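Working through the structure, step by step
Listed below, chain by chain, are the residues.
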Amino acid sequence: MTDRFSPPDDALLEAIPDGAAPYTLYGSSAGDLPSFVAGEPRGDRIRVRYFYRAADKTLLARAWFGPGTKGPKGHAHGGSMFSLLDEVLGAGCWAQGVKVLAVNVNINFRRSLPLGSLVQAESRITSRDGRKVSVQGQMIDSEGRLIAEATGLFLELSDAQKAAFQAMNRED
């Protein structure tokens with residue numbers, strides 16, 4: 001028997017949403033360092049898997065918030081929820097080939113999230129103005145309730161910044 005603090009079966013996290021395909025963050029390869037949020041696929045903090053649905057240009061994430069995300073008694077810390085949404089917003093741009101960094105991210109928490117919860121987060125680009133990219137996203141619990149929603153302003157990297165970024169991340 002498992003308690004609510006036990007991680008879900010991998011099959012729950014890895015079940016591919018309708019019309020989506022698995023997505024690897026930032027086009028990383030096996031030798032790359034993991035992201036801050038998705039860096040512990042077997043840890044007790046956030047376990048997350050990403051998917052991309054090309055039909056509506058939406059990045060999806062399935063995540064479990066383990067005991068390592070503890071904030072208020074029995075609930076995930078808002079910073080852990082913010083971190084997931086920040087990564088989902090930015091990665092949603094990268095999934096469309098728009099290489100960005102965050103300028104401003106705002107989150108509205110709608111309900112607390114009990115530890116051990118499985119959620120789905122999603123994001124999509126809402127507008128572009130030159131290098132400025134506006135993105136919105138949300139986090140829904142397994143019962144379909146809105147947990148948090150976020151908006152972000154991201155800046156597309158210039159060609160020089162893209163080249164520098166690639167040089168930093170080039171395998172030796």
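Look above for the structure.
Residues numbered from 1 in each chain as written. Predicted model: local features only at pLDDT ≥ 70, side-chain atom pairs only at ≥ 80, totals over all residues. Heavy atoms only, no water.

With that out of the way, let us pick up the side chain of R49. Along the polypeptide, R49 turns up in strand β2 (residues 46-53). Looking at R49, its side chain comes within polar contact range of the side chain of E14, at 3.3 Å. (Helix = DSSP H or I, 4+ residues; strand = E, 2+ residues; numbered from the N terminus. Polar contact = N/O pair within 3.5 Å; in protein donor to acceptor, adjacent residues only side chain to side chain.)

Once that is clear, we can look at the nonpolar core. Core analysis: the largest hydrophobic core is formed by 35 residues, its most contacted members being V48, Y50, F65, L84, L113 and M139. Taken together, the elements giving at least two residues each to this core come down to β2, β3 (58-65), α2 (78-95), β4 (100-109), β5 (118-129), β6 (132-141) and β7 (146-156). When sequence neighbours within four positions are dropped, the list of residues in contact with L84 reads V37, V48, Y50, A63, F65, V119, A121 and M139. (Core = buried A, V, L, I, M, F, W, Y, C linked by side-chain atoms within 4.5 Å. Buried < 20%, exposed > 50% of the residue type's maximum accessible area, 1.4 Å probe, protein only. Contact = heavy atoms within 4.5 Å.)

Below, the discussion takes up the pattern of salt bridges. Applying the stated rule across the entire model yields eight salt bridges. A salt bridge links E156 to R128, with the shortest nitrogen-to-oxygen separation between them at 2.6 Å. In this pair, E156 sits in strand β7 while R128 sits in strand β5, placing the two residues 28 residues apart along the sequence. The class of R128 is partly exposed, set by a relative accessible area of 45%. With its nearest N and O atoms 3.7 Å apart, the salt bridge here joins R145 to E143. One network of salt bridges, with partners in common, ties together R128, E156 and K162. (Salt bridge = Lys/Arg side-chain N within 4 Å of Asp/Glu carboxyl O.)

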